[in-house]
4 protein chains.
Amino acid sequence: MIIVMKVGSPQEEIDRISEEMCGRGLTPEKIVGKHKVVIGLVGETAALDPLQMQEISPWIEQVLRVEQPFKRASLEFRHGQPTDVAIETPDGAVHIGQNHPVVTIAGPCSVENEEMIVATAQYVKASGAKLLRGGAYKPRTSPYAFQGHGESALGLLAAAREATGLGIITEVMDAEDLDKIVEVADVVQVGARNMQNFSLLKKVGAQPKPVFLKRGMSATIEEWLMAAEYIMAAGNPNVILCERGIRTFDRQYARNTLDLSVIPVLRSLTHLPIAIDPSHGTGRAEYVPSMAMAAIAAGADSLMIEVHPNPAKALSDGPQSLTPQRFDRLMQELSVIGRAVGRWQPPVVALT
Amino acid sequence: MIIVMKVGSPQEEIDRISEEMCGRGLTPEKIVGKHKVVIGLVGETAALDPLQMQEISPWIEQVLRVEQPFKRASLEFRHGQPTDVAIETPDGAVHIGQNHPVVTIAGPCSVENEEMIVATAQYVKASGAKLLRGGAYKPRTSPYAFQGHGESALGLLAAAREATGLGIITEVMDAEDLDKIVEVADVVQVGARNMQNFSLLKKVGAQPKPVFLKRGMSATIEEWLMAAEYIMAAGNPNVILCERGIRTFDRQYARNTLDLSVIPVLRSLTHLPIAIDPSHGTGRAEYVPSMAMAAIAAGADSLMIEVHPNPAKALSDGPQSLTPQRFDRLMQELSVIGRAVGRWQPPVVALT
Amino acid sequence: MIIVMKVGSPQEEIDRISEEMCGRGLTPEKIVGKHKVVIGLVGETAALDPLQMQEISPWIEQVLRVEQPFKRASLEFRHGQPTDVAIETPDGAVHIGQNHPVVTIAGPCSVENEEMIVATAQYVKASGAKLLRGGAYKPRTSPYAFQGHGESALGLLAAAREATGLGIITEVMDAEDLDKIVEVADVVQVGARNMQNFSLLKKVGAQPKPVFLKRGMSATIEEWLMAAEYIMAAGNPNVILCERGIRTFDRQYARNTLDLSVIPVLRSLTHLPIAIDPSHGTGRAEYVPSMAMAAIAAGADSLMIEVHPNPAKALSDGPQSLTPQRFDRLMQELSVIGRAVGRWQPPVVALT
Amino acid sequence: MIIVMKVGSPQEEIDRISEEMCGRGLTPEKIVGKHKVVIGLVGETAALDPLQMQEISPWIEQVLRVEQPFKRASLEFRHGQPTDVAIETPDGAVHIGQNHPVVTIAGPCSVENEEMIVATAQYVKASGAKLLRGGAYKPRTSPYAFQGHGESALGLLAAAREATGLGIITEVMDAEDLDKIVEVADVVQVGARNMQNFSLLKKVGAQPKPVFLKRGMSATIEEWLMAAEYIMAAGNPNVILCERGIRTFDRQYARNTLDLSVIPVLRSLTHLPIAIDPSHGTGRAEYVPSMAMAAIAAGADSLMIEVHPNPAKALSDGPQSLTPQRFDRLMQELSVIGRAVGRWQPPVVALT
């Protein structure tokens, strides 16, 4: 952190600030120029707020952060080594990370009934998905809209897991439900709207399953990494970052703006694996294949794609769901790109 | 809701859609033009998602919502009558609403210690504030930053309440803390980051104290009213809407963009009272007075202003806090505007 | 400007950078700390791009701008003295600036015919407006929409000027038309879409009439001041900054988000006068009065308000235009706020 | 366009509106439901503004646009056939469009001197670029920054064209310079800041060279297509749409947010070819390769990439420029993706 003093700052004020910094356990270093004095601060500055610092003296012109505020999530924390999140599933460990093939997560927005979720699981497994998504608790803009089948849906996910061997990922909306979810899920999802629900972050950080952290609709990359930091600081190093579309000025055609540029940006900042959700990211099934292709070409480690056996009858998010047939075709299209970039798993001989 | 069919839609498809709508309890009305067919839907459409509806048939060109998705929060729900939220305080009921003087809420970002919170309460009361704000649980971007003193701070707020007679407003971040908060607080605040924490909204809707609902950083007005609708649908009609700055492309000087235009917009949509928080809205103490003046001139029912006895030493949000002296002067400036628009309470003879 | 070097930067590289800076006419000052080296740059840094500077060496961690990139527009340039823009009109000089009463500019979006523009001018003058707005050349999103009557409309503005004594403000869209416009107009307007049409800025900077510079829809405050700087650097110091609504994520109810917080922000950065256009800023006539009140309370120097004798028949922007009757009532409402803040001109005895 | 009347609208008002619509040359169609009346409008509605229409009567609840406001740019205008823009270059015609290999445009931000531009042209040609970019007139935020070498730079571009056989693309900022630019350039670029400089759009529409239309920083897709419509309505059907990053709330790491989702969205709306500029789109050379890969996988028809022989010494936009070596490697990486999607031209035997 660097404190830039105003022209003409009195020496006593500079000394006073330096002392105050020492009192906070920091080591101040002073540069005296012809026009300006700058104080560099060395030490634990991650928790300091530059705006807050500025209040210390009316002679401070600006306080500039030089270091990143995140630590455990930073690339330096692992000396540049990418994290490999291993997810235990009945079919064995699924690895998400830069040194592994792209992992596809697929399934419906919400779990509707046993037949539907088991059938969808079988479909997506046959096409190459490794994890099944499915909402038991659904964040909905309207209190009058379908809110998910809750606890009973968790049972259905367990059934689909057993029937197919796929790992399960499902969203937690309320810390109260966390224990029940952790019993069934192999990955716990924190949704975009809860990305800065700090109480929830601490609690998912204190349980053992990997966490799938969706980016908030208007979260900066720094805020997103700080949300991951909350989880990691609470003890859980297995965080997967998932971009799912941000909110911009244009929402006429695509529901959100899928920000694929996070892929190279995050690669330069963090060791955590990166997933892309083109279904929520665009909000329209017809835009999903193109964005899924782009995500793999750009270097994503995982894709999350909504698949529903009958999108027109879906209880939620039908417009962005692919049919199992379209998903199967997409997986073949993706394999071409995936192989081109050396990130595609050879298909196993399927018995379906 | 209106369904616009594509040119050349087959009659059977139009009939099939109409039947499906009947099956959903809606009454379809068909208009047959030379070029296009449009189906109007009458009935309970609030829970329907236009994008979802579009999936029903590939012949649907567009589905347009004509009605608002919120009901209890709508102006029509109270036949145009503004809601008057009555807050019980030791000094008697404080009313927030269009037919009452502007109510000023003031206090520090976070409760630091007893002396500080009691002194601040006395100061702001003497200047004309009716409610004391003060955070016990603080949402902070960094897990390493001060997180609030939690439960012990609630006790200090109770002490300040008793010492001054001011009502208390404080934020709930975790439903687990709600009971303890409700014991002390006269108004429960839901912060911007939790505006779409639907589990929390349902729970604050199920307790009896009025709810101060801050707008999410990138929440549309419709989403904000739907968040209020969650609280109201859970049984609590006493919701105060508080604008606290939205996130836009320019964050260099002001931390957020305070959206004062919500005042006339909300007036045309809802009966709920409107508060403005210029402290978080701008993030800088020096911008607060100008925006507070504007808020009153625009018709706000309440103001929330951060005041700290020593902003340079504040544990959080110092840069946007006024000193008690500056706050006192601001209240005099505000009274000029408040009186000009007929919304200012005559001062009581203070004994402090 | 401050160059922060990476930990472990070789001495030769630091020396090389310092020399390169000297070669650019800057004076580098080096601070050597235990961990880091920082190079402060003194001299003409306004034209330097921090990102560009970063390319000079791979050992540079960050380049931070400490000074503002604008000079003539900065508060320091006039030692804190506000600019007073004097506009010559048939009725005498109209002054826009912090030490003068609020100046109201009113009139239709576009000039439709002589009767209409003269009648509107008479109406708004009678209500207290000092300048008449009216578009001859109209920027329209669609090439098929009414584009303004062009040169012939300039003649009609001249007639309205003569008939009423009001000064005229009208927009230039094409430098080709500038001479003709300057003959008639007392103030030349640069529209939001042309705020970074740098060729046009240079040309309006080279003519003598004051310039009314609307903020671009997504222009940062810094970019806006740099646009003013273009005009001032070309020789014209008389620039009025006009906020007219920015583009944000929510456009459902108000067409733009009127950013009133620019008032205190600009006051701390520049000496130029500040105008607010609540008509374009909200896009709806019913929201205009509330925002006009707020603008005056917040400290605006001027208001620009659309008035049309028959909004329903307007060739452009009808929905945001007030009728002359509503405008007259608004002026009375505004006078209450204007007098409360000591910025309202006593009405002259009108002869109309 | 559909007019939704309020409940209880009087019959005379409905008739009056219908008549007014007839007077405007539209054919109104009335639907009378139990609760509501809706008027459908058939005819030339492209130039109508829904908000404007709403002013016609206080009984109108909402006016909804069903048709797209663009015509020539719409997919329907060419019955779904993609436009193939043929660019005449010394080396023969270069085709940009959906049925052709991806065309790479490369070169420096600005033309600095003859040696530099000719050398860069030779480099990028050897790596597979078909068109050379290079700015003669540069839009710069600051009036004090390098503004391009202007007319003399056009001569240097002509020299590079002759030396290499590459086609030339350069930006027009001022209509005054258009004739000179058209003499040299094979494609005329309209920059992001001028996307709604309607006077300029009309003029580039009236000249014969293809137009490269960059998306405005906060332009909606509809506004962008309407800008293309201006050019096409003026007579020039050869428009290439170029996405170059939009402005969002997060600008800390990437300068803009490259919106790759425009690729599938535009494909569903228009026949015009789509180019992606990852250099301006991200603002950082290190993010360019990943986004270029993604653009091709998503289906882009053309890429525009900044290449500079010595980015650290570039007069503008150095931080986002690749070196010729990095560009050459990128072209090899891109060829892998390009071949995977069947959009890559086999390399010719180079003699350089």
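All of the points below concern the structure found in this document. The structure presented is a predicted model; accordingly, all values stated were derived computationally and were not measured.

The rules behind each value
Residues numbered from 1 in each chain as written. Chains lettered and ligands numbered in written order. Predicted model: local features only at pLDDT ≥ 70, side-chain atom pairs only at ≥ 80, totals over all residues. Heavy atoms only, no water. Contact = heavy atoms within 4.5 Å. Buried area = accessible area lost by both parts, 1.4 Å probe. Salt bridge = Lys/Arg side-chain N within 4 Å of Asp/Glu carboxyl O. Polar contact = N/O pair within 3.5 Å; in protein donor to acceptor, adjacent residues only side chain to side chain. Helix = DSSP H or I, 4+ residues; strand = E, 2+ residues; numbered from the N terminus. Nonpolar A, V, L, I, M, F, W, Y, C, P; charged D, E, K, R; others polar. Least-squares fit on C-alpha atoms with pLDDT ≥ 70 in both. Buried < 20%, exposed > 50% of the residue type's maximum accessible area, 1.4 Å probe, protein only. Pairing = 2+ DSSP bridges. Phe/Tyr/Trp six-rings, centres within 6.5 Å; stacked < 30°, edge-to-face > 60°. Axes fitted to C-alpha atoms, helices over the stretch in contact; angles between N-to-C directions. Parallel < 35°, antiparallel > 145°, perpendicular 65-115°, else oblique. Left-handed = near helix turned anticlockwise from the far one by under 90°.

The parts lose accessible area when they come together, and the size of an interface is often stated as this lost area. Each side of the interface is counted separately: chain D has 54 residues, and chain C has 54 residues. Buried area between chain D and chain C, summed over both chains or domains, comes out near 4,400 Å², and the portion from carbon and sulfur atoms is 47%. At the junction of chain D and chain C, the tally comes to eight salt bridges. Close ionic contact of Glu176(C) with Lys203(D) constitutes a salt bridge, the shortest N to O distance being 3.2 Å. At the junction of chain D and chain C, the tally comes to 25 residue pairs in polar contact (both at pLDDT 80 or more). Element by element, the count of residues in the side of chain D that touches chain C is highest for helix 7 (residues 221-233) of chain D, at five residues. Its residues placed into classes, the side of chain D that touches chain C shows 21 nonpolar, 13 polar and 20 charged.

Turning chain B through 180° and shifting it by 0.0 Å along the axis lays it on chain A, with an RMSD of 0.1 Å. A rotation of that kind, with that shift, is consistent with a two-fold axis. Judged by C-alpha distance, Ser218(B) is the residue of chain B that lies nearest the rotation axis, at 3.1 Å. By residue overlap, the copies meet face to face through one surface: 98% of the interface positions of chain B are interface positions in chain A.

Another point: the pattern of salt bridges. Counting across every chain of the model gives 80 salt bridges over all chains. Note that Arg247(C) is salt-bridged to Glu223(D), the shortest N-O span being 2.6 Å. Of this pair, Arg247(C) sits in the loop between strand 12 (239-243) and helix 8 (262-267) while Glu223(D) is found in helix 7, placing the two residues in two different chains. By relative accessible area, Arg247(C) is classed as buried at 5%. Within the structure, one salt-bridge network assembled from shared partners comprises Glu13(A), Arg16(A), Glu20(A), Arg24(A) and Lys313(B).

In this section: the pairing of strand 5 (residues 85-89) of chain B. Two faces make up the sheet, and in a regular strand the side chains alternate between them. All names here are of chain B. The side-chain alternation of strand 5 yields one buried face, formed by Val-85, Ile-87 and Thr-89, and one unburied face, formed by Ala-86 and Glu-88. Across five bridges, the pairing between strand 5 and strand 6 (residues 92-96) is antiparallel. Following the sheet pairing, Ala-86 is matched in strand 6 by His-95. Hairpin connection of strand 5 to strand 6: two residues between the antiparallel strands.

Contact residues are listed per partner, giving 54 residues for chain B and 53 residues for chain A. Summing both partners gives a buried area of about 4,400 Å² for chain B against chain A, and 47% of it is carried by carbon and sulfur. On the chain B side of the contact with chain A, Gln52(B), Glu55(B) and Tyr144(B) bury the most area, a combined 15% of that side's loss. The tally of links between chain B and chain A comes to eight salt bridges. There are 25 residue pairs in polar contact (both at pLDDT 80 or more) connecting chain B and chain A. When contributions to the side of chain B that touches chain A are tallied by element, the ones reaching two or more residues are helix 2 (50-54), helix 6 (198-205) and helix 7 (221-233) of chain B. With five residues, helix 7 of chain B is the largest single contributor of residues to the side of chain B that touches chain A. For the side of chain B that touches chain A, the per-class residue count stands at 21 nonpolar, 13 polar and 20 charged.

Before going further, it helps to examine the packing of aromatic side chains. Residues and elements named next belong to chain A. Under the defined criterion, the tally for this structure stands at four aromatic pairs over all chains. Plain terms: the ring middles of Phe-198 and Tyr-230 are 4.6 Å apart, the flat faces sit at 25° to each other, and that makes the pair stacked. Linking Phe-198 in helix 6 (residues 198-205) with Tyr-230 in helix 7 (residues 221-233), this pair joins segments that are 32 residues apart in sequence. Note on accessibility: Phe-198 and Tyr-230 belong to one class, buried.

The subject of this paragraph is the side chain of Ser110(A). Relative to the assigned elements, Ser110(A) resides in the loop between strand 7 (103-107) and helix 3 (114-127). Those residues in contact with Ser110(A) that sit more than four places away from it in its chain are Met116(A), Gly135(A), Lys138(A), Phe146(A), Leu315(A) and Ser316(A).

Axis separation between helix 10 (residues 288-298) of chain B and helix 10 (residues 288-298) of chain C bottoms out at 7 Å; the angle between their running directions is 150°. Here helix 10 of chain B lies roughly antiparallel to helix 10 of chain C, going by the angle between them. In this structure, helix 10 of chain B crosses over helix 10 of chain C, and the sense of that crossing is right-handed. Facing helix 10 of chain B, whose interface residues are Ser290(B), Met291(B), Met293(B), Ala294(B), Ala297(B) and Ala298(B), helix 10 of chain C presents Ser290(C), Met291(C), Met293(C), Ala294(C), Ala297(C) and Ala298(C). Residue classes in the contact of helix 10 of chain B with helix 10 of chain C are distributed as ten nonpolar, two polar and no charged.

Turning our eyes to something else, we now look at the environment of Val288(A). Residues and elements named next belong to chain A. Relative to the assigned elements, Val-288 resides in helix 10 (residues 288-298). For Val-288, a relative accessible area of 0% corresponds to the buried category. Between the C-alpha atoms of Val-288 and Ile-305, which are 17 residues apart in sequence, the distance is 8.1 Å. Residues contacting Val-288, with those up to four places away along its chain left out, are Pro-278, Ser-279, Thr-282, Ile-305, Gln-320, Leu-322 and Leu-330.

Now for the sheet that holds strand 1 (residues 2-5) of chain B. Residue and element names in this part refer to chain B. One open sheet holds the four strands; their spatial order is 2-3-1-4, and the pairing between them is antiparallel. Bordering the open sheet on either side are strand 2 (27-32) and strand 4 (60-64), each of which pairs with just one other strand. On average, each strand axis in the sheet is inclined to that of its neighbour by 20°, with strand direction left out of account. Here strand 2 runs beside strand 3 (residues 37-42); their pairing, made up of six bridges, is antiparallel. Within strand 3, the residue paired with Ile-31 across the bridge is Val-38. Each of strand 1, strand 2, strand 3 and strand 4 is contacted by helix 1 (residues 11-23), which is oriented at about 155° to strand 2, the strand it contacts most.

Attention now moves to the environment of Lys30(D). Summarising the element assignment, Lys30(D) is placed in strand 2 (residues 27-32). C-alpha separation for the pair Lys30(D) and Gln345(D), spaced 315 residues apart in sequence, amounts to 55 Å. With sequence-adjacent residues up to four places away left out, Lys30(D) is seen in contact with Ile31(B), Gln11(D), Ile14(D), Asp15(D), Val37(D) and Val38(D).

A separate point is the sheet that holds strand 8 (residues 131-133) of chain D. Residue and element names in this part refer to chain D. Judged by pairing direction, the barrel is parallel, and its eight strands sit side by side in the order 7-8-9-10-11-12-13-14 before closing back on the first. Across this sheet, the average inter-strand angle for adjacent strands is 25°, counted without regard to direction. Strand contacts of helix 4 (residues 151-164): strand 8 and strand 9 (167-171), with the helix running at about 160° to strand 9, the strand carrying the most contacts.

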